[in-house]
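# Chains, contacts and geometry: an overview
So you can see what is in the structure, the chains are spelled out below.
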Amino acid sequence: MANPNGIGAAVRRREDFRFLTGQGTYTDDIDRPGQTYAYILRSPHAHARIRGIDLSGVSDAPGVVAIYTGQDMAADGVKSLPCGWLIHSRDGSPMKEPAHMPLAVDKVRHVGDSVAVVIARTRGQAQDAAERIVVDYEELPAVIDMNATLAPGATSVHDDVPGNLCYDWHLGDEAAVDAAFAKAAHVTKLDLVNQRLVPNAMEPRVAIGEYDRATGEHTLYTTSQNPHVIRLLMGAFVLGIPEHKLRVVAPDVGGGFGSKIFHYAEEAIVTWASRRAGVPVKWTSDRSEAFLTDAHGRDHLTHAELALDADGTFLGLRVRTTANMGAYLSTFSTSIPTYLYATLLAGQYRTPAIYAEVKAVFTTTTPVDAYRGAGRPEACYVIERLVDNAARELGIDKAEIRRRNFIPADAFPYATPVALTYDTGRFDICLDEALKMIDYDGFPARRAEAKARGKLRGIGLSSYIEACGIAPSNVAGALGARAGLYESAEVRFHPTGSVTVFTGSHSHGQSHETTFAQIVADKFGIPIETVEIVHGDTAKVPFGMGSYGSRSLAVGGSAIVKAIDKVVNKAKKIAAHMLEAAETDIEFSDGRFTVAGTDKSLGIGDIALSAYVPHNFPLDELEPGLDEQAFYDPKNFTYPNGTQVCEVEIDPDTGTTRIVNFVAADDFGRVINPMVVEGQVHGGIVQGIGQALFEHAVYDPESGQLLTGSYMDYCMPRADDLPSLQVTYHEEAPCTHNPLGVKGCGEAGTIGGAAAVMNAVVDALAEFGVGHIDMPATPEKVWRVIQAGKMPMAAE
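Numbers given to residues run from 1 along each chain, matching the order in which its sequence is written. The predicted nature of this model means local features are confined to residues of pLDDT at least 70 and side-chain atom pairs, given and counted, to a pLDDT of 80 or more, with totals for whole chains, interfaces and linings taken over all residues. As a convention, hydrogens and water are excluded, and side-chain values are obtained from all of the structure's heavy atoms.

## Section: the overall build of the chain
Secondary structure elements follow DSSP: runs of H or I of four or more residues count as helices, runs of E of two or more count as strands, with numbering from the N terminus. Each helix and strand in the chain was counted, giving 19 helices and 28 strands. The globule rule is 2.2 Å times the number of residues to the power 0.38, and the radius of gyration it is compared with is taken over C-alpha atoms. Expected size for 796 residues packed as a compact globule is a radius of gyration near 28 Å; at 28 Å, the chain falls within 12% of this value. Overall, the C-alpha framework of the chain stretches about 90 × 75 × 50 Å when taken along its three principal axes. Burial analysis of the chain (796 residues in total) assigns 61% to the buried set. Accessible area is worked out with a 1.4 Å probe on protein chains only. A residue is then buried under 20% of its type maximum, exposed over 50%, and partly exposed in between.

## Describing the sheet that holds strand 22 (residues 586–589)
Strand order across the open sheet formed by three strands is 22-23-24, with antiparallel pairing between neighbours. Edge positions in the sheet fall to strand 22 and strand 24 (601–603), since each has one partner strand and no second. Each neighbouring strand pair of the sheet contributes to a mean axis angle of 20°, computed without reference to strand direction. In this analysis, strands are considered paired if DSSP registers two or more bridges between them. Here strand 23 (residues 592–595) pairs with strand 24 via three bridges, running antiparallel. Across the sheet, residue Arg592 finds its bridge partner in strand 24, namely Gly603. In this fold helix 15 (residues 552–578) packs onto strand 22, strand 23 and strand 24, with an angle of close to 125° to the strand it touches most, strand 22. By definition in these notes, contact holds between two residues if any of their heavy atoms fall within 4.5 Å. Throughout, an axis means a line fitted to C-alpha atoms (over the contacting stretch in the case of helices), and angles, computed between N-to-C directions, take values from 0 to 180 degrees. The sheet strands contacting helix 16 (residues 604–612) are strand 22, strand 23 and strand 24, and the helix crosses strand 24 at an angle near 75°.

## As for helix 16
Along helix 16, the residues classified as buried are Ile604, Ile607, Ala608, Ser610 and Ala611. Projected onto a plane normal to the axis of helix 16, the buried residues spread over an arc of 165° and lie on a single side. The directions from the helix axis to the C-beta atoms are what the arc is built from.

## Description of the packing of helix 9 (residues 376–394) against helix 10 (residues 398–405)
Between helix 9 and helix 10, the least distance of the axes is 9 Å, while the angle of their chain directions is 115°. Taken as a pair, helix 9 and helix 10 cross one another with a handedness that is right-handed. The residues of helix 10 that touch helix 9, namely those facing Glu384, Val387, Asp388, Ala390 and Ala391, are Lys398, Ile401 and Arg402. Amino acids outside the nonpolar list (Ala, Val, Leu, Ile, Met, Phe, Trp, Tyr, Cys, Pro) and the charged list (Asp, Glu, Lys, Arg) are all regarded as polar, and Gly is one of them. Broken down by class, the residue content of the contact of helix 9 with helix 10 amounts to four nonpolar, no polar and four charged. It is the rotation of the near helix from the far one that decides the hand of a crossing: anticlockwise by less than a right angle makes it left-handed, clockwise makes it right-handed.

## Some details on the environment of Leu246
Considering the arrangement of structural elements, one finds Leu246 in strand 11 (residues 246–249). The sequence separation of Leu246 and Thr538 amounts to 292 residues, and the corresponding C-alpha distance is 8.6 Å. The residues touching Leu246, leaving out its near neighbours within four places in the chain, are His218, Arg231, Met234, Gly235, Ile241, Thr271 and Thr538.

## Observations concerning the sheet that holds strand 27 (residues 656–667)
The strand order 18-26-27-28 describes an open sheet built from four strands, whose pairing is mixed. Of all the strands in the sheet, the pair left with one neighbour each is strand 18 (456–465) and strand 28 (726–730). The sheet shows a mean angle of 15° between the axes of neighbouring strands, direction not considered. Across 11 bridges, the pairing between strand 26 (residues 641–651) and strand 27 is antiparallel. Residue pairing for strand 27: Val648 is matched across the bridge by Ile659. Along the sheet face, helix 12 (residues 443–452) touches strand 18 and strand 26 and points at about 145° away from the line of strand 18.

## Let's talk about the environment of Lys540
Inspection of the secondary structure puts Lys540 in the loop between strand 21 (531–534) and helix 15. Expressed as a C-alpha distance, the spacing of Lys540 and Ala450, which sit 90 residues apart in the sequence, is 59 Å. If sequence neighbours within four positions are ignored, Lys540 has contacts with Phe502 and Val534.

## What to know about the packing of aromatic side chains
We call Phe, Tyr and Trp rings a pair once their centres come within 6.5 Å, taking the six-membered ring for Trp, and we label the pair stacked below 30 degrees between planes, edge-to-face above 60, and tilted otherwise. Tallied over the full model, the rule gives 19 aromatic pairs. With a centroid separation of 5.9 Å and an interplanar angle of 15°, the aromatic rings of Tyr349 and Phe406 are classed as stacked. With Tyr349 in the loop between strand 14 (314–326) and strand 15 (353–362) and Phe406 in the loop between helix 10 and strand 16 (414–415), this pair connects stretches of sequence that are 57 residues apart. With respect to burial, Tyr349 and Phe406 carry one shared label: buried. Ring centres 5.9 Å apart and planes at 65° place the aromatic pair Phe406 and Phe427 in the edge-to-face group. Taken together, the residues Phe406 in the loop between helix 10 and strand 16 and Phe427 in helix 11 (residues 427–438) connect sequence positions 21 residues apart. Linked through ring pairs, Phe314, Tyr349, Phe406, Phe412 and Phe427 together constitute an aromatic cluster. Look at NZ for Lys and CZ for Arg. If either is within 6 Å of the ring centre and within 35 degrees of the ring normal, a charge sits over the ring. Directly above the ring of Phe19 sits Arg18, whose terminal nitrogen or CZ lies 4.6 Å from the centroid.

## Side note on a nonpolar patch on the surface
To count toward a patch, a residue needs a relative accessible area over 30% and no salt bridge; like charges are then connected within 9 Å, while nonpolar side chains (Val, Leu, Ile, Met, Phe, Trp, Tyr) are connected within 5 Å. All accessible areas in this document rest on Shrake-Rupley with a 1.4 Å probe, and a residue is counted as covered only by the protein chains that are shown. What counts as a salt bridge is simple: a side-chain nitrogen of Lys or Arg found within 4 Å of a carboxyl oxygen of Asp or Glu. A surface patch of nonpolar side chains, amounting to about 240 Å² of accessible area, comprises Leu609, Tyr612 and Val613. With respect to the helices, strands and loops of the structure, Tyr612 is situated in helix 16. A relative accessible area of 31% places Tyr612 in the partly exposed class.

## Focus: the pattern of salt bridges
Under the criterion given, the structure shown has 52 salt bridges. Here Asp763 makes a salt bridge to Lys398, at a shortest N to O gap of 3.1 Å. Here Asp763, found in helix 18 (residues 748–764), pairs with Lys398, found in helix 10; they are 365 residues apart in sequence, far enough to count as distant. On the accessibility criterion, Asp763 (15% relative accessible area) is buried. For the salt bridge of Asp627 with Arg492, the shortest nitrogen-to-oxygen distance reads 2.9 Å. Note that Asp627 is positioned in strand 25 (residues 627–632) and Arg492 in strand 19 (residues 487–493), a separation of 135 residues in sequence.

This is how it looks when you write it as structure tokens:
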């Protein structure tokens, strides 16, 4: 009998009651006895030498407990924040990895760089005291433009990295691509800007450091997506704290989108300062700080070319990208434009030859790292814009050119020319379903009707694929990863039959307390109400790598299944003893252990009680208890995929773009909770729409000031900017190498969203001779393109 709250059921989120009634516990809700408050003095300059810091009079300010500078931290042996992925340039040399001290020592390298920290009894007192600090800056030229930063004679962001080049990396067979282009009947080319974005999680970052002098133990409470990784990086590389003396707690987290993966300077500052000052220290970011200091996303400049034969078959792809690292290397920044971007340039297509070059550069801007999708949206945007452009130039229907070039269902497993092997896929199903949902065949009539009203209609497709659950660890390590990429789980049956699951994955909106509990309830045949999910505390969870890259279910869920299997195997041995049967005769189903061919059975709760009250227990064979741990290291990535279709209407008088319909048909493998999947896809699509039409982090090229440093200037999508999103999925091609058959869904909407919108916008503007327009397609930009158009529109 199927569990009504098990795998495949649309169970309502168990965590929602806590959040909706204001009973969640976020880091800022935590206050420690004797707690003080930190205010970080930040640089007002994009680039400057620190000639001196005058602290006179600061310690006399009301409430001040301590003031520290970068010199204090360096003198105490504090080291640079580490980068978690080593990239080698094409010549084999390692990337340039300049120091990133938690508090700047000699130079500041972006507006918002941390200079000093003031600790006081209240946050207001700390801020007031910080205003007394006088820093003697020698201003240096800002380095903002990515092309200019590589030019001869450009100002160096880091003195030990002349020329500002972090690495010059490549992937693919250049000779094979050159040969493909030599025989091509048509080549389509585009210059693309994937603009910088600010992540804008609902909850700003917070960090609390606490030191116990009696035990020598440090505790950090932080808004993190992966507390164990923070413990590893900060303890081993920055502060020199043994892991058994460092506890990291990440309680409820109000959104991350990748921006809370990384180890930030503030975490090290408060942890170190709490020991140095002898009091707990709390730092809370405000929204203005978040704009300046949360790692930004995207920021690529790309030239891309696609070679085709006369029938529209793809022959080769050539991509050259410059990626902005910002002022410093954030935790996983170097892997985003390389192994999470270029490896996905095959898309859903059987392009036989692909070659990519990536140059990563330093600029005097906020560091750039993973943002929802992390390299995969950038790759999808390159491919899908090229495909639409080629279809237009060759006069081939945009759906047909995709269908002609799809990897067929019988070709899997399929090795791409850029290092990945897709295990399974049915790309045709998603395309066909999306076209049906949008009524693709009826679009010409809708376009004509819009034109009669004086409007422009366009339709855009985006057939995406992404790689999730980065794996396996040994391969990732060979490619430069400085951490394992497995996940852990502990499944503990209690004597009364309830279950606690300790997972190394972290939930910050992914619904783990629901979906993980569904898996446990389904596998054990028990009520979901008896299952508790615990995460986010390194003192409770054995180890873990956190949540990012849509890995939670595919990797974290698989670890849980492995631990469940161990529990069931032990329980079978106990049941065999209690039922006086051979272990091989014991069958487990729907929560009961039965002797095959008989009606003799015991519930799993009976087994759990016996395990902890072992009066009738095989003590000579088994230890008491029913508690198992497991680690799962994937054999391969998982490959969610699908097709998104967007239909837009543009007002030529104002340039305003309105999305009138958006559909998505996806393949996520096996679906655990359809309602959660739909919510994840909706959120991802909206972030893709945000990039396509609204969002752009802009720096002044001369001063290096962030011009879009608040919601007054940085535009976010709102509910009235969106249509009702239509989402569906199929389960015809489950993942072949994890026990759940799942692929991941958290980033999918974002992967294809921006490309679908921009393809629709360009389609709407095609009659004006427009072949491309850069994101975001703001009303002003669209209006100017229309005004410059060759064919003025008239309603018919």
